[in-house]
Amino acid sequence: MSVGGGPGVPSFLAGYVSALTHYLRDPSERSLRVAYELGREAVSRQLSMLDLAVVHQEALLSALADVSGSEETQRVTRATGDFFLESLASFEMVQRGFREAKEAARLARRQTHMSRQLSTFLADASLALDASESLEEMLRLVAEQARELVGAQCCVATVAMEGQPRTAEAVSFDQTDRRWAGFVRWLDLFVIYRFIRTSGGSVRLAGEQLLEQPQFGSSSGQRPVRGWLAASLTALDGSELGAIQLFDKQDGAFTGDDEAVLVHLAQMASAAIERTRLYHESG
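Residues numbered from 1 in each chain as written. Predicted model: local features only at pLDDT ≥ 70, side-chain atom pairs only at ≥ 80, totals over all residues. Heavy atoms only, no water.

> Where do I start with helix α1 (residues 9–25) in this structure?
Along an α-helix, residues three or four apart share an orientation, since each turn contains 3.6 residues. Taking 1.5 Å as the rise per residue, α1 with 17 residues should run 24 Å; its terminal C-alpha atoms sit 24 Å apart, in good agreement. The set of residues buried in α1 consists of V9, F12, L13, Y16, V17, A19, L20, Y23 and L24. (Helix = DSSP H or I, 4+ residues; strand = E, 2+ residues; numbered from the N terminus. Expected span 1.5 Å × (residues − 1). Buried < 20%, exposed > 50% of the residue type's maximum accessible area, 1.4 Å probe, protein only.)

Right under this line is the structure:
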């Protein structure tokens, strides 16, 4: 029997033929379960879908070699088709799981790398050399990386000091929608700060939940939003320093993992802001 496909196909074929032969003799759920396991084995052997199809074709030809009569041929053909579909379904499911796991791992590594870069930047003592410029620079980086890490269309990072809600501000948004500029300008920050604080330091709203909240004030007419994720910036003594806000996730809705990422980022940013503020006050 000549078998094409990848180098692992011949050894896999023997097991497939044996299992298919057993299934044709006893077409039960138990024997069909072997087809499912063969699909998983094909993935572990790093076979392709084409390899699996080649194996099935060879197994089908072998099964039909001793068959006579149209009815028996149809029965065998249908049964081998069921067996192949079971293997293929398992193969696709496991392959998809591997792809999703690899993508999740890649994103996790990327987020860790970006978080470390940001942590290094925020811990840099040079931030305190010029409190005003360093604060603006730090907020800009925080806004850009928060938006990228979470995949939001807009991020607003604001610092409040001495009763001023916008002592420093940085905005990062999807340039395809310029309405974000007007939206950010009219945000009622005092109301927003209070709402985040009373929500426990972070908040995540979407859909009807968002429509029921009055904290966006007149800004809601500038650009309707689909989702909102925010975290407070707070000093070690619990006093309020500002907030980081994300709007409209690019793909779907904000998740609990997104909220955890933002809270961690807000904690790092809060420490840098407080250090910069204390240096400025002591000078």
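> Help me out: how do you make sense of the environment of A14 in this one?
Mapped onto the fold, A14 is located in helix α1. You can call A14 exposed: its relative accessible area is 51%. Placed 41 residues apart in sequence, A14 and V55 show a C-alpha to C-alpha distance of 9.1 Å.

> Explanation requested: the nonpolar core in the structure shown.
For soluble globular proteins, the rule of thumb is that nonpolar side chains tend to be buried together. Counting residues in each nonpolar core, the largest one holds 29 residues, and the members touching the most others are M138, L139, I244, L246 and I273. Counting residues per element, the ones that place at least two in this core are α5 (131–150), β1 (152–161), β2 (164–173), β4 (227–234), β5 (240–249) and α9 (256–282). If sequence neighbours within four positions are ignored, I273 has contacts with L135, M138, L139, V159, M161, L233 and L241. Of all hydrophobic cores here, the second largest spans 26 residues; its members include V17, Y23, A42 and F91. (Core = buried A, V, L, I, M, F, W, Y, C linked by side-chain atoms within 4.5 Å. Contact = heavy atoms within 4.5 Å.)

> Where do I start with the pattern of salt bridges in this structure?
A pair can form between side chains of opposite charge whenever their charged atoms are brought close. As enumerated under the stated definition, the model contains nine salt bridges in all. The partner of E169 in a salt bridge is R166, and the shortest N-O contact between them spans 2.2 Å. The closest approach of N and O atoms between D258 and K249, which form a salt bridge, is 2.7 Å. The exposure class assigned to D258 is buried, which follows from its relative accessible area of 9%. The exposure class of K249 is buried, given its relative accessible area of 15%. (Salt bridge = Lys/Arg side-chain N within 4 Å of Asp/Glu carboxyl O.)

> How should the sheet that holds β1 be read in this particular structure?
Each strand in a sheet pairs with another by means of backbone hydrogen bonds, the pair being arranged parallel or else antiparallel. Pairing is antiparallel across the open sheet formed by five strands, whose spatial order is β2-β1-β5-β4-β3. The sheet is open, and its two edges are formed by β2 and β3 (202–206), each paired on a single side. Across the sheet, the axes of successive neighbouring strands diverge by a mean angle of 15 degrees, strand direction being ignored. Both β4 and β5 contribute to a ladder of seven bridges, which runs antiparallel. Residue pairing across strands places A230 opposite Q245, the latter belonging to β5. (Pairing = 2+ DSSP bridges. Axes fitted to C-alpha atoms, helices over the stretch in contact; angles between N-to-C directions.)

By themselves, these are just geometric observations and shouldn't be taken as functional.
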